[in-house]
Amino acid sequence: NAGVTQTPKFRVLKTGQSMTLLCAQDMNHEYMYWYRQDPGMGLRLIHYSVGEGTTAKGEVPDGYNVSRLKKQNFLLGLESAAPSQTSVYFCASSLTVVEGISYTFGSGTRLTVV
Amino acid sequence: ILNVEQSPQSLHVQEGDSTNFTCSFPSSNFYALHWYRWETAKSPEALFVMTLNGDEKKKGRISATLNTKEGYSYLYIKGSQPEDSATYLCASTAGQLTFGSGTQLTVLP
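So, how was this worked out
- Residues numbered from 1 in each chain as written.
- Chains lettered and ligands numbered in written order.
- Predicted model: local features only at pLDDT ≥ 70, side-chain atom pairs only at ≥ 80, totals over all residues.
- Heavy atoms only, no water.
- Helix = DSSP H or I, 4+ residues; strand = E, 2+ residues; numbered from the N terminus.
- Rg over C-alpha atoms; globule rule 2.2 N^0.38 Å.
- Buried < 20%, exposed > 50% of the residue type's maximum accessible area, 1.4 Å probe, protein only.
- Contact = heavy atoms within 4.5 Å.
- Areas by Shrake-Rupley, 256 points an atom, 1.4 Å probe, with all protein chains shown as cover.
- Pairing = 2+ DSSP bridges.
- Axes fitted to C-alpha atoms, helices over the stretch in contact; angles between N-to-C directions.
- Disulfide = S-S within 2.5 Å.
- Core = buried A, V, L, I, M, F, W, Y, C linked by side-chain atoms within 4.5 Å.
- Buried area = accessible area lost by both parts, 1.4 Å probe.
- Salt bridge = Lys/Arg side-chain N within 4 Å of Asp/Glu carboxyl O.
- Polar contact = N/O pair within 3.5 Å; in protein donor to acceptor, adjacent residues only side chain to side chain.
- Nonpolar A, V, L, I, M, F, W, Y, C, P; charged D, E, K, R; others polar.

J.: Describe in detail the overall build of chain A, supporting the description with residues and values.
T.: When you go through chain A residue by residue, the secondary structure sums to zero helices and eleven strands. Going residue by residue from the N terminus, the α and β elements of chain A occur as β-β-β-β-β-β-β-β-β-β-β. Taking 13 Å as the expected radius of gyration for a compact globule of 114 residues, we find that chain A reaches 13 Å, a close match to that expectation. Considered along the principal axes of its C-alpha atoms, chain A spans approximately 40 × 30 × 25 Å. Buried positions account for 46% of the 114 residues belonging to chain A. Residue pairs in contact within chain A that sit at least 24 positions apart in sequence constitute 55% of those at least 6 positions apart. If you sum the accessible surface of chain A, you get close to 5300 Å²; carbon and sulfur atoms cover 53% of it.

Here is the structure:
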């Protein structure tokens, strides 16, 4: 059981380039989330999805787009990367958002924008 | 957006010491409080999820308590070991999880 898999694990982009981060889960979870982690700031929610075909904005959505075309995949896109988007990105999933259910996290993608 | 705060930011203890950290969160509109253990270069791993005032959970040497009326949770580690070194994150939910910035624990041998 792979859980939550993120690809790629590392990436260096030049300012203005675009890229897509892929998150895949094999647990049949309805809810999926993208977070970014910056020093001293914990995990901040970028976008989330409550089911196939749905997406919603989180705390820091600007500069990112997402898609959930298949239940098992949640894609995070950067259309025109900026140095401020240098961060570690974590994907997570949960069965529901009902209280008492923990999240399962991927191992992260370290992105550097130069 | 909830304001979830953790203290201290970092902590160094000697092997064998017991320690505890605090997570404070808004007590209004509370649904659940999560604790995660996060080792460097790994993904956050769920420790506990608590929902009821007075909840206490235990996993080995680690335990947690919850006070929803005053908006805080404590995480306790009894007899700390070097392998307990990690960042401990708490998160509260009123729909979506909002994380604190974590307490970084270093256990010195």
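J.: Residues and numbers for the sheet that holds strand β8 (residues 73-78) of chain A, please.
T.: In sheet architecture, strand pairing relies on hydrogen bonds along the backbone and comes in two forms, parallel and antiparallel. All names here are of chain A. In space, the four strands of this open sheet follow the order β1-β3-β8-β7, with antiparallel pairing throughout. Each of the sheet's edge strands pairs with one partner strand only, and the pair in question is β1 (4-7) and β7 (65-67). On average, each strand axis in the sheet is tilted by 20° relative to the strand beside it, whichever way the strands run. As defined by bridge partners, β7 adjoins β8 across three bridges and the pair is classed as antiparallel. Directly across from Asn-65, in β8, lies its bridge partner Gly-77.

J.: Kindly report on the state of the cysteines, identifying the contributing residues and their values.
T.: Across all of its chains, the model carries two disulfides over all chains by this definition. What pairs with Cys-23 of chain A in a disulfide is Cys-91 of chain A, and their sulfur atoms sit 1.8 Å apart. On the sign convention where negative is left-handed, the bridge of Cys-23 of chain A and Cys-91 of chain A, at about -75° about the S-S bond, is left-handed. Note that Cys-23 of chain A is positioned in strand β3 (residues 19-25) and Cys-91 of chain A in strand β9 (residues 87-94), a separation of 68 residues in sequence. By relative accessible area, which is 0% here, Cys-23 of chain A ends up buried. The disulfide that involves Cys-23 of chain B links it to Cys-90 of chain B, with 1.9 Å between the sulfurs. Taking the sign of the S-S torsion, about 75° here, the bridge from Cys-23 of chain B to Cys-90 of chain B comes out right-handed. Residue Cys-23 of chain B is found in strand β3 (residues 19-24), and its partner Cys-90 of chain B is found in strand β9 (residues 86-93); the two are separated by 67 residues along the sequence. With a relative accessible area of 0%, Cys-23 of chain B lands in the buried category. Judged by its relative accessible area of 0%, Cys-90 of chain B falls in the buried class.

J.: Tell me about the nonpolar core, and name the residues and values.
T.: Formed by 22 residues in total, the largest nonpolar core has its most connected members in Leu-33, Trp-35, Leu-75, Tyr-88 and Leu-105 of chain B. Residue assignment for this core shows that the elements contributing at least two residues are β2 (10-14), β3, β4 (32-38), β5 (45-50), β7 (62-67), β8 (72-77), β9 and β11 (103-108) of chain B. By size, the runner-up hydrophobic cluster in this structure holds 19 residues, among which are Leu-21, Ile-46, Phe-74 and Cys-91 of chain A.

J.: Can you tell me about the interface of chain B and chain A, naming the residues and giving the values?
T.: Taken together, the contacts link 19 residues of chain B with 20 residues of chain A. Carbon and sulfur atoms make up 69% of the surface buried where chain B meets chain A, a total of about 1500 Å² over both sides. Of all residues in chain B, Trp-38, Gln-96 and Phe-99 of chain B give up the largest surface area on contact with chain A, accounting jointly for 32% of the area buried on that side. At the junction of chain B with chain A, the criterion picks out zero salt bridges. Linking chain B with chain A are one residue pair in polar contact (both at pLDDT 80 or more), by the criterion used here. Elements supplying a minimum of two residues to the side of chain B that touches chain A: β4, β5 and β10 (97-99) of chain B. Broken down by element, the side of chain B that touches chain A gets its largest block of residues, four residues, from β4 of chain B. Across the side of chain B that touches chain A, the residue classes tally to eleven nonpolar, seven polar and one charged.

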